[in-house]
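# A closer look at the structure
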Amino acid sequence: MRLLVVEDDPLISRTLQRSLSALGFSIDAYETLAPARDAARQGGFDLILLDLGLPDGQGMDLLSELRQRNDLTPVLIITARDGVDDRVRGLDLGADDYLAKPFSLVEMEARVRALLRRSQGRSDNSIRFGPLTMSTSGGMFTLGDTTLDLPPRERGLLESLMLHAGKVVSREVIEGKVFGYGEVGSNALEVYISRLRKRLTGSEVQIRTLRGLGYRLELTDAG
Amino acid sequence: MIIHGKLRDRLLGWLLSMMFIVGGLLMIDAWATSQRSAQRAFDNQLEDALLAMSEAIQWQDDKPRIMMPPAALKILSTRHQERVFYRLIDDQGRVLANNLDMPLPPGLQREAAEGDVWHDMRYQGVDWRLHARSVRSAGWERQFRVQVWVGHTTEGREQLARELMIRATGRMLVMGLFAAMMIFITLRLALTPLKRLRHQLRRRQPQDASPLSGTMPEEMRELVETLEQLFARQGESRDALLRFTADASHQLRTPLAGVQNAAEFALSSDSPTQWHQALSDIHASAERTSRLAGQLLNLTRLRHLALPTEQDALDLADLLRDVVMEWVDHDLARQHDLGMAELPSQPVCVIGESWALREMIGNLIENALRYTPAGSEITLGLGLEAEGGGVVLSIEDNGPGVDPQMLERLCQPFERAGRQDTDGSGLGLAIVETIALRHQAELQISNRDAGGLCVRIRFARRQP
Amino acid sequence: MKFTPDRLRAMAFAIVASIVPTRACRVTSRLWLVLWAGIGMVSLIQPAMASAAPPQARLVIEAAMDRQVAAPLLAAFSRRYPDVELDYRDRSSMAVNALAQQADAQADIILSSAMPWQVALVNQGLAQRLDSDEARQWPEWAKWRDEVFAFTFEPIVMAYRLDLAARMLPPVSHADVLNLLTEHAETLAGRVVAYSPSRSALGYALYLQDSRYSGRFWKLVTALGRVDATLETSTQRMLEGLSDGRYWLGYNLLGSYALQWAQTHPDIIVQMPSDYALISMRTAFIHRDAPHPEQARAFINFLIGREGQHVVAGETPLYSIRDDITGPFTAQSLRDQVGQRLYPQPLDASSLSMLDNARRNDFLARWFDAYSGGAPTP
C-alpha cells in the first residue's frame, strides 16, 4: 500500500515515514505543498496524511482540490490541538478522520489502519471490524465464520454501530435508525443492545455503553 | 477616533461669536442711548424756550399779552439753527400769538390743558418736535391759563444722535479689536497645559508606568488621573506577564533538564535496556513538555488578550455533548468511564465564546482523566437553577479528590496539589478559571461527600 | 441721512475694523473689496456732479435793492457767466416778501434788506439749502441754516445839507441829533426826514434796534414828532428830498445809498454816528421752488465768493463781510472808522420776534404815541 505523507516538520515527517514503513507501507513524503500536490494528482495512493499547517499554502486547499476532482482517496488530516475550526472544516471538506498534534504514534497507526480497513471494506462491498463483517449490499453479518441471523431491528442496530466502528454513536442516531423517528421508550434500545451483546459474548468485539452518550463497538483488547 | 476641527478654532469661534453678539447688543443699546440723549438735550432746549416765553407773558386788564422775547426764539432755534414754531392760546381757545400755520390736533390741545405734551409731527415734508404746557397766572380775581406751544425741526437732534452713535460705535470697535487680540493671546496661553501634556505623552516610553509630572489645571486632573491609572494597570499587567513568563520558563526548564540528563546518561551507556529506559523517560518528558507548552500558550492568550468581543448566544447543552462525545473516543479515556448525566430537555442558552468553552470543558475532562485512576467514573452534567435563572455545568469523579487545604490554591498556575504522579501540567484549572472569568461565571471546586472531586461552574442564562 | 463721502468713509472704517478680528475667509475679504470699491466710486461721482457748469438758462432775481446799487454786481456776474440771462426785478421789500410766499412765485433768488422778513420766509421752509465750499466757509453770524446769506454790511447813517451846518453844529452822534431837534426845534420844523416805522420794514427794524441801545430813544421819537418830521419809505426818497432842499436832516439812512449819492451830490454830507452804528445786512436765498436752481446756486456762491465780495468791497459802498478782502468798503474799514460799536441785526431766529404781531403793534402804538407827543409808556 502506498501512503502520501505531507508534513513540514522534518523530525515528525521522518518518524512517520519510519513507523509506517515498519508496518509494511510504501511511503512518499513531502515537506511542501507544491510537490505534494503534483504527487497527489498523479494518484495511486491508498491514504494521504495531510498536515493542515503547511508553510506554502493551506493544506485545506489540497484537500478541496482532491475532492473536487472526485478523488476519494482517504485523507487523514493532522491539526493543531486547539484547531476546532480547522478540524470541522477539514472534515466538511471531505477528510475522513483527523489527528491532533501532538499525537502518539500508536494512535496514528490505529487510525491509519482503521481508515484503510474502512476504505478497503467499502471497495470490497463489505465492512470489517475485527471478526465482524458486514456486507453493505445484502445486510448480511458474519462473526468469524458464523453468519449471524439477525432480526431487522438488531440488524439496524449492528449496522449503525459498525459504520462507526471504534467510535461512539449517539443514542439518538441509533434510535432513529432502528426505530425510525417516532416515540420510543428508553428501555427499548437497552433490550436490543443486550440481545446483541449476548450474541457477541466471547468474541473479540464488544458493545460498550457510554453513559448519557451512546454506544461504541470496540475490540475487547483495545486499550 | 475621528479627528474633526481644532479645539482652538472652536473656542475662538464661540468666543468671537459671543463677542459679536454682545457687541451687537451694545450697538443697539448705544443707538437707543444716542437717540435718548439727543432727544433729551434738545427737549431741554424746548423746555427752556417755553419757560422763557411763558415768563414774558404779561397780564393787562386781566388779559394776557406776550412781548415775544428774542432770546426765547434763539433758545428755541438752538445752536443747530432749527426752524421755529410758537403759538399761544388763551383758555377761550383764541390765538394770542402764532408764527406758522401748523395744524395742531384738537386732542393734543386738550392734553396740553392737563399737563406737558411732547409730540412729533410732520409738517410741510419736514419732521418737527412740539412741546406744550399750560401756564397759569394768578390774577386778582381769577386765574388765567395760557397754552404755550413751541416746536422746532429735528435736524439737529438727528445729527447729534448720529454723531453720538458713530462715536460710541468707533469706541466699541476699538475695544472689540483689542478684546479679539486679547482672546487670541489668552487662548494661546490657556491651551498650553494641553500642549505640555501632549509633549510629555509623546516622549514617554512604552514601558514607562511612572506618574505624569508637571503642573496641570484642575479640569485636567481627571484626565491625568485616569491616564496614570491606565499606565499603572499597564505596568501591573506587564509585571504579571513577566512573573508568569518567569514561572513558565522555570516549569519548562525542569522537564527539559530531565530530558537532557536522560539523553546524556543514555549516550554514556552501552546497555540497550538502559537506552530503552532512557528513551522511555525522554518520551514521557517530551510528551509532558509538549502538553505544558500548549497549555501555557492557551493561558497566556486567554489572560492577556483583549476583552472578548465575539461572544454569541450558544446552546450549552449541545456544546457540552459535542465535547464529551469527542473526548470519549480519546485514547486517554479508554480506561475511564466517561459519561454524561441527563441533560435538560429545553435548550440552555448562554452568551460566550464557543472555542473558549470547549477548551474549558476539555481541560476539566482531561484533568479528571489524569488525576483519577483507571476505571473511575467521570460524569458531566448541566443543572438548571430553580431560582436565580442560572445554569450549573458540573464535572464529578469518584477518584481520590484533593486535600481540602489545597483546594483554594488549585487554580493557581502550576499548582498540582502535591500530585507528581501524573502527567498534568498544573495549568488546566488556571485555564478553566480564566475562561470562567471571561464568561462572568462562578467557579467552585469541592470534594464530594462520597469521595472524589466536584467542579461546578455557574453561568447566567439568556433568553433564546 | 445724506450719504456724504465723509460719512461713508467713517462707516467703512467702522465695518472694516470689525472684519479684522475674524479669521480672514474669502467671503469677508470680498465684501471688503466691494465696500471700498463702492466708496471710491461715490467719492468720484460727488465732486463731478458739483462742478458741472450751469448750462444756458435764465436767472430770476426778486430784489429789494436799487438797480443802480446792484448794477456792478450784476455786471460782474454776467461777465463770469455770460450764458445766463439775468432777470432782475427791483421791488419794495414788502412786495418781495409777498411774492416769495405765492404758490407759483417763479423766482430763483429772493434778495432783501428786511432781514426779519427774510428769516421768516426761511422759517416757513421757502428756502433751499446751499451745499458748497463758499457756503461752508461763510462766517456763522452771516448766514442762517446755510439757506439764507447776508452778503453786505451796510452802516446806517445820518445825512444833512450844508445849510444845516451853516446854522448849527452838525450832529455827530445820536445824542447830538436829539439835542439838535430839541434846541433848534423851530429852525428844523418840517425840515427833518426819517423812516416810517409802519410803512417801511427796514425803518421799523431800525427803530426797534435803536430802542434797545438807549433809554432816550423815545425822547428822540417825541422830538421827531415835535418837528413834524416827514416819514418816508425809502432812503432814496430821503436823499432826493435832501438834495431838493426840502429836508435839511435825515435820520437812519442806508449808508450805501447815501454814500453813493453824496459822491454825486456834494451838498449832502453823510455822517457815520460816532457813538454806535446800526448795521443793515442785505440777505439773499434760493427759493425752494426755484425754476433754475443751478444758476441760483451759482449766483449765491458768486455773491459770497471772492469775486462778488470784491465788487461789494470796491465798486459799491455795500461793504464786504469777508476779512480777507481789501478795499475801501469792508467791514474792517468800517470798524476802523467807527470803532467796535457796530450793531448788525443777529441773523437768527431771534429776529423773528420783531415780526410778532403783538409785539409790532405794541411798538408801533408806542412809537406813534411818542411821536404825537404823548407820554411814552416805559
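Being a predicted model, the structure only gives us computed values, none of them experimental.

A few words on the overall build of chain C. Tallying secondary structure elements over chain C gives 17 helices and 13 strands in all. Here chain C holds 378 residues, and 55% of them are scored as buried. Across chain C, the fraction of contacts at a sequence separation of at least 24, relative to all contacts at a separation of at least 6, is 74%. By element, 54% of the accessible surface of chain C is carried by carbon and sulfur atoms, the whole surface being about 16,300 Å².

Our focus in this paragraph is the pairing of strand β2 (residues 63-66) of chain B. All names here are of chain B. Here β2 shows a buried face lined by Pro-64 and Ile-66 and an unburied face lined by Lys-63 and Arg-65. Here strand β1 (residues 57-60) pairs with β2 via 4 bridges, running antiparallel. Across the sheet, the residue bridging to Gln-58 is Arg-65, located in β2. Between β1 and β2, which pair antiparallel in sequence order, lie 2 residues; one of them, Asp-61, sits at a positive phi of approximately 50°.

A word on the sheet that holds strand β6 (residues 126-129) of chain A. Residues and elements named next belong to chain A. With respect to topology, 4 strands assemble into an open sheet ordered β6-β7-β8-β9, the strand pairing being antiparallel. The strands lining the two open edges of the sheet, one partner per strand, are β6 and β9 (146-148). Taking each pair of neighbouring strands and ignoring which way they run, the sheet shows an average axis angle of 25°. For β6 and strand β7 (residues 132-135), the ladder comprises 4 bridges, and the chain directions are antiparallel. Looking at the pairing, Ser-126 lines up with Ser-135 of β7. On top of the sheet, helix α6 (residues 152-163) reaches β6, β7, β8 (141-143) and β9; it is set at about 105° to β7, its chief contact.

With that out of the way, let us pick up helix α3 (residues 59-68) of chain A. Residues and elements named next belong to chain A. In terms of residue burial, α3 counts as a mostly covered element, since 7 of its 10 residues are buried. Those residues of α3 that sit buried are Gly-59, Met-60, Leu-62, Leu-63, Ser-64, Leu-66 and Arg-67. Structurally, α3 contributes buried residues whose contacts are with β1 (2-6), α2 (33-42), β3 (47-51), β4 (75-79) and α4 (84-93). Following α3 by one or two positions, Asn-70 adopts a phi angle in the positive range, close to 60°.

So, on to the packing of helix α1 (residues 7-55) of chain B against helix α2 (residues 70-77) of chain B. Residues and elements named next belong to chain B. Contact pair α1 / α2: the axes reach a minimum separation of 8 Å and the direction vectors enclose 170°. Considering the angle they form, α1 stands roughly antiparallel to α2. Packed against α1, whose contacting residues are Gln-45, Leu-46, Asp-48, Ala-49, Ala-52 and Met-53, the element α2 presents Ala-72, Leu-73, Ile-75 and Leu-76 at the interface. Tallied by class, residues from the contact of α1 with α2 come to 8 nonpolar, 1 polar and 1 charged.

So, about the environment of Glu-264 of chain B. Along the chain, Glu-264 of chain B turns up in helix α6 (residues 221-268). With 14 residues separating them along the chain, Glu-264 of chain B and Ala-278 of chain B place their C-alpha atoms 9.2 Å apart.

Glancing now at the interface of chain B and chain A. Quoted interface sizes are often the accessible area lost when the parts come together. Each side of the interface is counted separately: chain B has 24 residues, and chain A has 20 residues. Note on chain B versus chain A: buried area summed over both sides is about 2,000 Å², and carbon and sulfur give 43% of it. By the criterion of area lost to chain A, the three top residues of chain B are Met-325, Asp-329 and Arg-334 of chain B, representing 30% of everything that side buries. Connecting chain B to chain A are 4 salt bridges.

A word on the pattern of salt bridges. Inspection of the entire model under this criterion finds 54 salt bridges over all chains. For Glu-218 of chain A, the salt bridge is made with Arg-208 of chain A, and the minimal N-O distance between the two is 3.5 Å. Linking Glu-218 of chain A in strand β12 (residues 214-219) with Arg-208 of chain A in strand β11 (residues 205-210), this pair joins segments that are 10 residues apart in sequence. Judged by its relative accessible area of 4%, Glu-218 of chain A falls in the buried class. Within this structure, Arg-58, Glu-62, Glu-85, Asp-87, Arg-89 and Arg-91 of chain C form a network of salt bridges that share partners.

Residues and elements named next belong to chain B. On the surface, Lys-6, Arg-188, Lys-195, Arg-198 and Arg-202 cluster together into a patch of positive charge. Sorting elements by how many residues they give to the positive patch places helix α5 (residues 192-203) first, with 3 residues. The topology assignment puts Arg-188 in helix α4 (residues 155-190). What makes Arg-188 exposed here is its relative accessible area of 56%.

Before going further, it helps to examine the confidence of the model for chain C. Residues shown with low pLDDT carry predicted positions that ought not to be read at fine detail. Residue and element names in this part refer to chain C. Here chain C averages 84 in pLDDT, and 83% of its residues register 70 or above. Per-residue pLDDT stays below 50 along residues 21-25; that stretch engages in 11 contacts with residues further than four places along the chain or on separate chains. With a pTM of 0.57, the predicted complex shows an ipTM of 0.76.

Our focus in this paragraph is unusual backbone geometry. Unusually for a residue other than glycine, Gln-440 of chain B sits at a positive phi of about 55°. Summarising the element assignment, Gln-440 of chain B is placed in the loop between α10 (428-438) and β13 (442-447). Note on Gln-440 of chain B: relative accessible area 65%, which makes it exposed. At Gln-106 of chain C, a position not held by glycine, the phi torsion is positive, near 60°. Checked against the element boundaries, Gln-106 of chain C lands in the loop between α4 (93-100) and β3 (109-112).

Calculation rules
Residues numbered from 1 in each chain as written. Chains lettered and ligands numbered in written order. Predicted model: local features only at pLDDT ≥ 70, side-chain atom pairs only at ≥ 80, totals over all residues. Heavy atoms only, no water. Helix = DSSP H or I, 4+ residues; strand = E, 2+ residues; numbered from the N terminus. Buried < 20%, exposed > 50% of the residue type's maximum accessible area, 1.4 Å probe, protein only. Contact = heavy atoms within 4.5 Å. Areas by Shrake-Rupley, 256 points an atom, 1.4 Å probe, with all protein chains shown as cover. Pairing = 2+ DSSP bridges. Axes fitted to C-alpha atoms, helices over the stretch in contact; angles between N-to-C directions. Parallel < 35°, antiparallel > 145°, perpendicular 65-115°, else oblique. Nonpolar A, V, L, I, M, F, W, Y, C, P; charged D, E, K, R; others polar. Buried area = accessible area lost by both parts, 1.4 Å probe. Salt bridge = Lys/Arg side-chain N within 4 Å of Asp/Glu carboxyl O. Patch = residues over 30% accessible without salt bridge, like charges linked within 9 Å, V, L, I, M, F, W, Y side chains within 5 Å. Lys, Arg positive; Asp, Glu negative; His and termini not counted. Charge placed at Lys NZ, Arg CZ, Asp CG, Glu CD. pLDDT = per-residue confidence, 0-100.

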